[in-house]
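Summary of structural features
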Amino acid sequence: LAAELGAVEAASRDLLSDADSEVSDPSTILRRLDAWARDERPSYEQAFVDLCLPTLLAPLVRLALLCWRPLAAGDLAQQPWHRQLTSA
């Protein structure tokens, strides 16, 4: 079981290794969306971006949770992706 878990964790780390940070980093995504909302508010609202945020960020959060070990890593609020999403 430990070997399978290690293989899954290694594969999850490699999953987005070749992706640009603009599509693989929650803080970068939120920063760009914030700039869009600030610069072109009507367009941002017409796209219903606020409603799409959970769907947009869910795969990144799920990927981060795949390797999260609550007993070893501690509180969920201490995780980098959680801090990025709640500070935005």
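In what follows, the accompanying structure is described. (Residues numbered from 1 in each chain as written. Predicted model: local features only at pLDDT ≥ 70, side-chain atom pairs only at ≥ 80, totals over all residues. Heavy atoms only, no water.)

Two elements in contact, helix α3 (residues 26-39) and helix α5 (residues 49-66), have axes whose closest approach is 11 Å; the angle formed by their N-to-C orientations is 165°. In terms of orientation, α3 lies roughly antiparallel with respect to α5. Viewed along their axes, α3 and α5 form a crossing whose handedness is right-handed. Together, Pro26, Ile29, Leu30, Leu33 and Trp36 of α3 and Val49, Leu53, Leu56, Leu57 and Leu60 of α5 make up the contact between the two elements. Grouping the constituent residues of the contact of α3 with α5 by class yields ten nonpolar, no polar and no charged. (Axes fitted to C-alpha atoms, helices over the stretch in contact; angles between N-to-C directions. Helix = DSSP H or I, 4+ residues; strand = E, 2+ residues; numbered from the N terminus. Parallel < 35°, antiparallel > 145°, perpendicular 65-115°, else oblique. Left-handed = near helix turned anticlockwise from the far one by under 90°. Contact = heavy atoms within 4.5 Å. Nonpolar A, V, L, I, M, F, W, Y, C, P; charged D, E, K, R; others polar.)

In this fold, glutamate 9 is placed in helix α1 (residues 2-15). Those residues in contact with glutamate 9, other than ones at most four positions away along the chain, are Cys67 and Arg69.

On to the packing of aromatic side chains, then. For the structure on display, the rule yields one aromatic pair. Their ring planes at 85° and their centres at 5.4 Å tell us that tryptophan 36 and tyrosine 44 sit as a pair that is edge-to-face. (Phe/Tyr/Trp six-rings, centres within 6.5 Å; stacked < 30°, edge-to-face > 60°.)

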